[in-house]
Amino acid sequence: MEKSEIKVLLIEDDASFAGLVKYYLNSYRNYQFKVDWVGSAEEGIEKLSSGNSYHIVILDYYLPGINGLEALKILKSRNINIPVIILSGSTEKEVLIEALKIGAVDHYIKEDIIGPLLPVIIAKTVEKENLKKQIEKDRGEQTQKIEAIQEIVITVSHEVNNPLAAIKLAANILLKRDLPPDIKTYVKIIKENTDRIEQTILKLRELKSDQIVPYVGKLKMLDLSGQQKNEDKNE
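Residues numbered from 1 in each chain as written. Predicted model: local features only at pLDDT ≥ 70, side-chain atom pairs only at ≥ 80, totals over all residues. Heavy atoms only, no water.

**Q** How would you sum up a nonpolar patch on the surface? Please name residues and give values.
**A** A cluster of nonpolar side chains, L96, I97 and L100, forms an exposed patch at the surface whose accessible area comes to about 240 Å². Assignment of secondary structure puts L96 in helix α4 (residues 93-102). (Patch = residues over 30% accessible without salt bridge, like charges linked within 9 Å, V, L, I, M, F, W, Y side chains within 5 Å. Areas by Shrake-Rupley, 256 points an atom, 1.4 Å probe, with all protein chains shown as cover. Salt bridge = Lys/Arg side-chain N within 4 Å of Asp/Glu carboxyl O. Helix = DSSP H or I, 4+ residues; strand = E, 2+ residues; numbered from the N terminus.)

Encoded structure:
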């Protein structure tokens, strides 16, 4: 079975540490890691700015020239939103706080992370980011569907509202007259159902994404019951 590939950009000036990173990533069985290594922040920024596609960036804090935090700021200013893990050789809390504030997904001390745990952390981080992207994509598609439904409902409601209002008016006029009991019952049924149609159209126009729920298989349905319960409580 072919393993999924994770493309890693390693920005690290220590050749021996970079060799250890490659060794542990290549030893991992669940994913195939493809590691690009550069020795300075400037080289890493150039690679990321020129359209190279990576799943994650491992960025050393202590680098010649631009340090890791400065490099991260530049990446964010250029809207390069690849997940970045910052590595440092000390437990400086200021570095950790600033890294997370700028937009790093995590921060680790080199001595703590180097070993068999390293590929696990990277894989879990990539999986988490992929899941976030999928959720955002699904939410965007859901929003587009809601908007499309609302446009249809608005169009249909314009066509329905006038005859519906006429039926309601006629029903109200008839209910004020002295009608036989059975006829009056039928008129009441007509009025109650026109009210229900009117309320359903109103709910559809105010439809929210959480009201689209699973139905059968891949089919989904509109659930207006929750909205009705809330309206009943408000009354």
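**Q** I'd like a rundown of the pattern of salt bridges, residues and numbers included.
**A** Tallied over the entire structure, the rule returns 7 salt bridges. Among the salt bridges present, the one from D60 reaches K110, with a minimum N-O distance of 3.2 Å. Of the two residues, D60 sits in strand β3 (residues 56-60) while K110 sits in helix α5 (residues 110-113), which places them 50 residues apart along the sequence. For the pair formed by D60 and K110, the shared burial category is buried. Put simply, E127 and K124 hold a salt bridge, and the shortest N to O gap is 3.8 Å. With E127 and K124 both in helix α6 (residues 117-175), this residue pair falls 3 residues apart, about one helical turn. (Buried < 20%, exposed > 50% of the residue type's maximum accessible area, 1.4 Å probe, protein only.)

**Q** How would you sum up the environment of E127? Please name residues and give values.
**A** Under the relative-accessibility criterion, E127 is labelled partly exposed at 31%. On a C-alpha basis, the gap between E127 and H55 in space is 9.7 Å, while along the polypeptide they are 72 residues apart.

**Q** Explain the environment of I109 to me, using residue names and the numbers behind them.
**A** With respect to the helices, strands and loops of the structure, I109 is situated in strand β5 (residues 106-109). Taking the C-alpha atoms as reference points, I109 and I86, 23 residues apart in sequence, are found 8.6 Å from one another.

**Q** Talk me through the packing of aromatic side chains; I want residue IDs and the actual numbers.
**A** Per the stated rule, a full pass over the model turns up 3 aromatic pairs. On the numbers, 5.1 Å between centres and 75° between planes, the contact of Y23 with Y24 is edge-to-face. Assessed through its relative accessible area of 52%, Y23 is described here as exposed. Note on Y61 and Y62: the rings are 4.6 Å apart at their centroids and 70° apart in plane angle, and the pair reads as edge-to-face. For Y61, a relative accessible area of 14% puts it in the buried group. Looking at Y62, the relative accessible area reads 40%, which means it is partly exposed. Above the ring of Y54, the side-chain terminus of K7 is found at 5.9 Å from the ring centroid. (Phe/Tyr/Trp six-rings, centres within 6.5 Å; stacked < 30°, edge-to-face > 60°. Lys NZ or Arg CZ within 6 Å of the ring centre and 35° of its normal.)

**Q** Just give me the short version of the nonpolar core, but keep the residues and values in it.
**A** Grouped burial of nonpolar side chains is what soluble globular proteins tend to show. Membership of the largest hydrophobic core comes to 23 residues, with the highest contact counts inside it found for L48, V57, L59 and I86. A total of 4 residues in this core trace back to one element, the largest contributor, which is helix α3 (residues 68-77). Ignoring sequence-local partners within four residues, the contact set of L48 consists of L9, Y54, V57, L75, I80 and I82. By size, the runner-up hydrophobic cluster in this structure holds 21 residues, among which are L25, I121, I122 and V126. (Core = buried A, V, L, I, M, F, W, Y, C linked by side-chain atoms within 4.5 Å. Contact = heavy atoms within 4.5 Å.)

**Q** Can you tell me about the pairing of β3, naming the residues and giving the values?
**A** With 5 of its 5 residues buried, β3 lies for the most part within the structure. Both faces of β3 are covered, namely the face carrying I56, I58 and D60 and the face carrying V57 and L59. Pairing of strand β1 (residues 4-11) with β3 involves 4 bridges; the strand directions are parallel. The residue bridging V8 from the neighbouring strand is I56, located in β3. Sheet topology note: the β3/strand β4 (residues 84-88) ladder contains 4 bridges and is parallel. (Pairing = 2+ DSSP bridges.)

**Q** Help me get a handle on the packing of helix α2 (residues 41-49) against α3, residues and values and all.
**A** The angle between the axes and the distance between the axes are what describe a pair of packed helices. Where α2 meets α3, the closest approach of the two axes is 10 Å, and the angle between their N-to-C directions is 20°. Relative to α3, the element α2 lies roughly parallel. For the element pair α2 and α3, the recorded crossing hand is right-handed. For the pair formed by α2 and α3, the contact residues are A41, I45 and L48 on the first element and A71, I74 and L75 on the second. Here the contact of α2 with α3 is built from residues that sort into 6 nonpolar, no polar and no charged. (Axes fitted to C-alpha atoms, helices over the stretch in contact; angles between N-to-C directions. Parallel < 35°, antiparallel > 145°, perpendicular 65-115°, else oblique. Left-handed = near helix turned anticlockwise from the far one by under 90°. Nonpolar A, V, L, I, M, F, W, Y, C, P; charged D, E, K, R; others polar.)

Remember that the coordinates give geometry; whether it matters functionally is a separate question.
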